[in-house]
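Structural features, examined
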Amino acid sequence: MDESSRNSRFDHCATLMSTDEIKASVPSKTQKQVSDTSEGSKLGLPERAFSAAGAAFLSAVLVNPLDVAKTRLQAQAAGAAYSHPLSNFTFRMALFGPQMMFSDMRCSPSCTRAGIHGTVALCPPDCFHYKGTLDVISKVIRQEGFFGLWRGTNAGLALAIPTVGIYLPCYDIFCNRIEEFTLMNAPGLTPYAPFVAGSLARSLACSSCYPIELARTRMQAFKHARGDKRPHGIWKTLFDVVYQVRSSASSNSFWTGYRALWTGLGAQLARDVPYSAICWSTLEPVRRQLLSMVRDEPTAANIFGANFAAGFVAGSVAAAATCPFDVAKTRRQIEKDPTRALNMTTRQTLLEVWRDGGLKGLFTGVGPRVGRAGPSVGIVVSFYEVVKHFIHSQHSVS
């Protein structure tokens, strides 16, 4: 296997450094051999890692509000309660006693829809019910503050580091070994080596880093009222998951709580593999067609436009098609009953969603999911390619 071919595969793989769907994508070599062989083969690991990390950071920060909206809608459909925890009279009395009978239980200090119920100022139920993407964003800002839209961003960014360290090297090793084997034993299967290698490497990286993904989903799903204590971070969220399981399980074994950190892993893998196939099989021909329309040497603007447009289309199509598995993943990750969480399966969850909400239930949150995935894939792919183009230009001048 020559160095140019290995670098071409590595280029394409490195575009996947983002959250959720972006990291799940599996590379294909065909188009990259056309667009990257000439200009990317001279780039080393540091340059590729820098481009990918920059793309992941930019994407995670920009699209996180839509990810929060998607998670909230899916969690609400699963039965998560978003009413004020003190709106329940019995709970309020048990916690504070009779001296707290006079309470302001409005969803936010600025809400004018609250009514007086006895001695309590309480909002109507629809103040705590999300009706759509824009409604989620509006209520999160009003009730939790503007930065509530960026809950879980730190966990998303933390996923980029292990992805670089596990996914890319494993993909390169797996692809080399599979290609060597198929060339000698089944040449007709060689073109499928990147897909198989990417799936294996993605499964390994996802399994290793999954607890951070679990923390991110739970941080986004559960509400934090403005004025409450500081919201839980990654480690506190994971500690709570383990503590809940160990405190309620029949066995207090360490491994029982430890296994809970991988709740929903099967659903995520079931989502990521088909997402990869759909995303890259759509992106490659669209990008190749757009770049072929450029008569002269592609400029940074042409590269950005072609990659962003192709990534936007591919990410949107793949996100819509795999939404049912994303719903199942979210439902399994936010399950608060420890015993049920440990015994749930992806198949059972999908059947439960279908029974409760039908086709509409399986596609809960598809709007913000598509709205997030399209720009996210476009940003990652175009940012990576443009940065690589500039780095290559600097190498050529020097």
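So, about the side chain of Arg-287. If you trace the backbone, Arg-287 turns up in helix 13 (residues 265-292). Among the polar contacts listed, one links the side chain of Arg-287 to the side chain of Asn-307, at a separation of 2.5 Å.

The interhelical angle for the contact between helix 15 (residues 323-333) and helix 17 (residues 346-362), taken along N-to-C directions, is 120 degrees, at an axis separation of 10 Å. Seen from above, helix 15 lies across helix 17 with right-handed handedness. From helix 15, Cys-323, Pro-324, Phe-325, Val-327, Ala-328, Arg-331 and Arg-332 reach across to helix 17, where they touch Thr-346, Thr-349, Leu-350, Glu-352, Val-353, Asp-356, Gly-361 and Leu-362.

Turning to the nonpolar core, a few remarks are in order. Core analysis: the biggest nonpolar cluster contains 14 residues, and Tyr-210, Leu-214, Ala-215, Ile-234, Leu-238, Val-241 and Ala-260 have the highest contact counts within it. Per element, the largest residue contribution to this core is five residues, and it comes from helix 10 (residues 193-221). If near-sequence neighbours (up to four positions away) are discounted, Ala-260 is found in contact with Leu-214, Val-241, Val-245 and Leu-342. One finds Leu-283, Ala-310, Ala-373 and Val-381 within the second-largest nonpolar core, a separate group that totals eleven residues.

The next point concerns the packing of helix 10 against helix 11 (residues 234-248). What describes two packed helices is the angle between their axes and the distance between those same axes. Contact geometry for helix 10 and helix 11: axes closest at 9 Å, N-to-C directions at 95 degrees. Comparing their axes, helix 11 and helix 10 come out roughly perpendicular. When helix 10 is examined against helix 11, the residues Pro-211, Leu-214, Ala-215, Arg-218 and Met-219 are found in contact with a partner set consisting of Ile-234, Thr-237, Leu-238, Val-241 and Gln-244. When the residues that make up the contact of helix 10 with helix 11 are grouped by side-chain class, the tally is seven nonpolar, two polar and one charged.

Attention now moves to the pattern of salt bridges. When their charged atoms lie close together, side chains carrying opposite charge are able to pair. The final tally for this structure, using the stated rule, is 17 salt bridges. Note that Lys-236 is salt-bridged to Asp-240, the shortest N-O span being 3.5 Å. Taken together, the positions of Lys-236 and Asp-240, both in helix 11 and four residues apart, correspond to about one turn of that helix. When its relative accessible area of 19% is taken as the criterion, Asp-240 is described as buried. Residue Glu-385 pairs with Arg-287 through a salt bridge whose shortest N-O separation is 3.9 Å. One end of the pair, Glu-385, is in helix 18 (residues 366-397); the other, Arg-287, is in helix 13, with 98 residues separating them in the sequence. Beyond isolated ion pairs, a larger network of salt bridges with shared partners links Asp-67, Lys-70, Glu-213, Arg-216, Arg-271, Asp-272, Asp-326, Lys-329, Arg-369 and Arg-372.

Turning next to the packing of aromatic side chains. Scanning all chains against the criterion turns up five aromatic pairs. Judged by centre distance (5.6 Å) and plane angle (80 degrees), the rings of Phe-146 and Phe-147 are edge-to-face. Owing to a relative accessible area of 46%, Phe-146 belongs among the partly exposed residues under this scheme. The exposed category is assigned to Phe-147, whose relative accessible area is 69%. Measuring from ring centre to ring centre gives 6.1 Å for Phe-308 and Phe-312, while their planes differ by 40 degrees; the resulting arrangement is tilted. One end of the pair is Phe-308 and the other is Phe-312, both in helix 14 (residues 300-321) and four residues apart, which spans about a single turn. Taken together through their ring pairs, the aromatic side chains of Phe-146, Phe-147 and Trp-150 make up a single cluster.

Moving on: the confidence of the model for the protein chain. Residues at a pLDDT of 70 or more form 68% of the protein chain, whose mean pLDDT is 75. Low pLDDT, under 50, characterises residues 24-41; the predicted model gives this stretch 62 contacts beyond four residues in sequence or across chains. When the criterion is pLDDT under 50, residues 98-102 qualifies, and its contacts beyond four places in sequence or with other chains add up to eight contacts.

In this fold, Gln-244 is placed in helix 11. Excluding anything up to four places from it in sequence, Gln-244 contacts Arg-218, Lys-336 and Pro-338.

About the thresholds
Residues numbered from 1 in each chain as written. Predicted model: local features only at pLDDT ≥ 70, side-chain atom pairs only at ≥ 80, totals over all residues. Heavy atoms only, no water. Helix = DSSP H or I, 4+ residues; strand = E, 2+ residues; numbered from the N terminus. Polar contact = N/O pair within 3.5 Å; in protein donor to acceptor, adjacent residues only side chain to side chain. Axes fitted to C-alpha atoms, helices over the stretch in contact; angles between N-to-C directions. Left-handed = near helix turned anticlockwise from the far one by under 90°. Contact = heavy atoms within 4.5 Å. Core = buried A, V, L, I, M, F, W, Y, C linked by side-chain atoms within 4.5 Å. Buried < 20%, exposed > 50% of the residue type's maximum accessible area, 1.4 Å probe, protein only. Parallel < 35°, antiparallel > 145°, perpendicular 65-115°, else oblique. Nonpolar A, V, L, I, M, F, W, Y, C, P; charged D, E, K, R; others polar. Salt bridge = Lys/Arg side-chain N within 4 Å of Asp/Glu carboxyl O. Phe/Tyr/Trp six-rings, centres within 6.5 Å; stacked < 30°, edge-to-face > 60°. pLDDT = per-residue confidence, 0-100.

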